[in-house]
Amino acid sequence: MADVDQGSVLPSETSPLILDGLNATDSNGTDAVNATVAKFVATPEGTALAYGSLVFMALLPIFFGALRSVNCGKSKNSSDMPETITGRDAARFPIIASCTLFGLYLFFKIFSQEYINLLLSMYFFVLGILALSHTMSPFMNRIFPANIPIKQYQLLFTQGSGETKEEIVNYEFDTKDMICLVISTVVGVWYILKKHWIANNLFGLAFALNGVELLHLNNVSTGCILLGGLFVYDVFWVFGTNVMVTVAKSFEAPIKLVFPQDLFEKGLGANQFAMLGLGDIVIPGIFIALLLRFDVSLKKNTRTYFYTSFLAYIFGLGMTIWVMHTFKHAQPALLYLVPACIGFPVVVALLKGELTEMFSDHRVLGHLPKALLPLLLSLAGRPALGRV
């Protein structure tokens, strides 16, 4: 969803008010001060930089997350053992997401926003550290000095004893993973203390990349059901009610990417942001990753459907930005992303005579880790594109 409000800022930061003080004298001779608050108006350069940066950042986790999704099923940790998401799961997901969104809305209406956001901050602090550490791990493997010894560790939790013993968590890691965890913890502390937009984006990119990599669909039909259902979900909650906007303005968590529109004026201390919610990166992203795995399953050494859907995403996101700025009204991004991401690959499959194979293929296996379901629910309830 695109929120065209310009008056709010990133949580815990204060928006500077531009006051035009007019001294006036009323009929009784008493002085009064009339102050008019002017909303921030971004320069064309600032707007172009902000939205261009958001589009670029959105493409990074989709592209690299899709590539990593091809091999992510080979994990040796039992905590990453996934569960297949079926067509029935996809059909129920918009209902579950709606209940989650409305539940958050009621919580913010009934209870103190401060305490709810404190709990959410701690929840996403832990998730963010794990997500960022997992994101950094492949890069650390490449740059880690060969002369430093690597020690292996294992975190094992079991339930029961004897023949009834069952593994709950069996996580293996090494020295490199520990270093990634330490670096991620530093970023997490920075975010908790300062709520800085760079720290927010580091966590946001990590969430998005992990979502695209680890949230798998079992076939193209399931992907169409999921995107179609969330298409209706997004349009209803944006145009039909004020629930999503209310939750978005109350929800303090790194589940959005932000970029300042006043960067040229204020540098890294800028506080007028354009925003892109992670839901509109992860939801289309897992479908694009599915099409990459479909390309691989065809064994034709081409990536036709992946690149087609990737370009379709760019087109849909560009349409969202254009419509938002043309009509100056909130827009649900999935309204444009879903038809583009589904329609473009379907047309290509129709032209290539592979439409039946695309929708009947069962080799494109994927899974949904249970531990990531709350995260995806949170992402689905977040507005997509606008200003904060």
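Quick caveat: nothing in here was measured; it's all calculated off a predicted structure.

Rules used throughout
- Residues numbered from 1 in each chain as written.
- Predicted model: local features only at pLDDT ≥ 70, side-chain atom pairs only at ≥ 80, totals over all residues.
- Heavy atoms only, no water.
- Helix = DSSP H or I, 4+ residues; strand = E, 2+ residues; numbered from the N terminus.
- Buried < 20%, exposed > 50% of the residue type's maximum accessible area, 1.4 Å probe, protein only.
- Polar contact = N/O pair within 3.5 Å; in protein donor to acceptor, adjacent residues only side chain to side chain.
- Salt bridge = Lys/Arg side-chain N within 4 Å of Asp/Glu carboxyl O.
- Lys, Arg positive; Asp, Glu negative; His and termini not counted.
- Core = buried A, V, L, I, M, F, W, Y, C linked by side-chain atoms within 4.5 Å.
- Contact = heavy atoms within 4.5 Å.
- UniProt positions renumbered as here; feature names shortened; annotations may be inferred.
- Axes fitted to C-alpha atoms, helices over the stretch in contact; angles between N-to-C directions.
- Parallel < 35°, antiparallel > 145°, perpendicular 65-115°, else oblique.
- Left-handed = near helix turned anticlockwise from the far one by under 90°.
- Nonpolar A, V, L, I, M, F, W, Y, C, P; charged D, E, K, R; others polar.
- Expected span 1.5 Å × (residues − 1).
- Bend = angle between axes of the 7 residues up to and from the residue.
- Pairing = 2+ DSSP bridges.

### Looking at the environment of S297
Mapped onto the elements, S297 comes out in helix α9 (residues 279–298). The exposure class assigned to S297 is buried, which follows from its relative accessible area of 9%. A polar side-chain atom of S297 sits 2.7 Å from the main-chain carbonyl oxygen of F294.

### Focus on the pattern of salt bridges
One pass over the structure, following the stated rule, counts 5 salt bridges. The shortest N-O distance in the salt bridge between K266 and D262 comes to 3.8 Å. By relative accessible area, K266 is classed as partly exposed at 39%. One salt bridge connects K352 with E354, and the closest N-O pair in it is separated by 4.0 Å. Its relative accessible area of 39% is what places K352 among the partly exposed residues. Connected through shared salt-bridge partners, K300, K352 and E354 make up one network.

### Thoughts on the side chain of N219
Structurally, N219 is set in the loop between α5 (197–214) and α6 (220–240). Its relative accessible area of 10% is what places N219 among the buried residues. A distance of 3.5 Å separates a polar atom in the side chain of N219 from a polar atom in the side chain of N218. Reaching out from N219, the side chain makes a polar contact with the backbone nitrogen of T222 at a distance of 2.9 Å.

### Points about the side chain of K256
Residue position: K256 is located in strand β5 (residues 256–260). Buried within the structure, K256 lacks any salt-bridge partner; its nearest side chain of opposite charge belongs to E252, at an N-O separation of 8.3 Å. There is a polar contact of 3.4 Å between the side chain of K256 and the backbone oxygen of A253.

### Section: the nonpolar core
Within the largest apolar cluster, 89 residues are counted, with the highest numbers of intra-cluster contacts made by L54, V247, F251, I281, F287, Y305 and Y313. Among the elements that take part in this core, α9 stands out by supplying 12 residues, more than any other. Every residue in contact with L54, bar those within four places of it in the chain, is listed here: L257, V258, F259, A274, M275 and L276.

### Observations concerning the UniProt feature "transmembrane region" (unreviewed entry) in the chain
In the numbering adopted here, UniProt assigns the feature "transmembrane region" (unreviewed entry) to residues 48–70, 90–108, 114–132, 199–217, 224–248, 268–292, 304–327 and 333–351. Taken end to end, residues 48–70 is 96% helix and 0% strand, and its first and last C-alpha atoms sit 34 Å apart. Helix makes up 56% of residues 268–292 and strand 20%, and the two end C-alpha atoms of the span are 37 Å apart.

### Quick look at the packing of helix α2 (residues 87–110) against α6
Contact geometry for α2 and α6: axes closest at 7 Å, N-to-C directions at 25°. Overall, the two elements α2 and α6 adopt an arrangement that is roughly parallel. Remark: the crossing between α2 and α6 carries right-handed chirality. Packed against α2, whose contacting residues are G87, A90, A91, F93, P94, A97, S98, L101 and F102, the element α6 presents T222, I225, L226, G229, L230, Y233 and W237 at the interface. Residues that form the contact of α2 with α6 fall into these classes: 12 nonpolar, 4 polar and no charged.

### A word on α9
For α9, with 20 residues, the first-to-last C-alpha span of 29 Å sits near the 28 Å given by 1.5 Å per residue. Approximately 25° is the largest bend angle found in α9, and it occurs at G285. Among the 20 residues that make up α9, 19 are buried, leaving the element largely enclosed by the rest of the structure. Within two residues after α9, K299 carries a phi angle of roughly 55°, on the positive side.

### A short note on the pairing of strand β3 (residues 152–159)
Looking at chain direction, β3 and strand β4 (residues 166–174) are connected through 8 bridges and run antiparallel. Considered in β4, the bridge of Y153 is made with F173. Between β3 and β4, which follow one another and run antiparallel, lie 6 residues, and G160 among them has a positive phi close to 85°.

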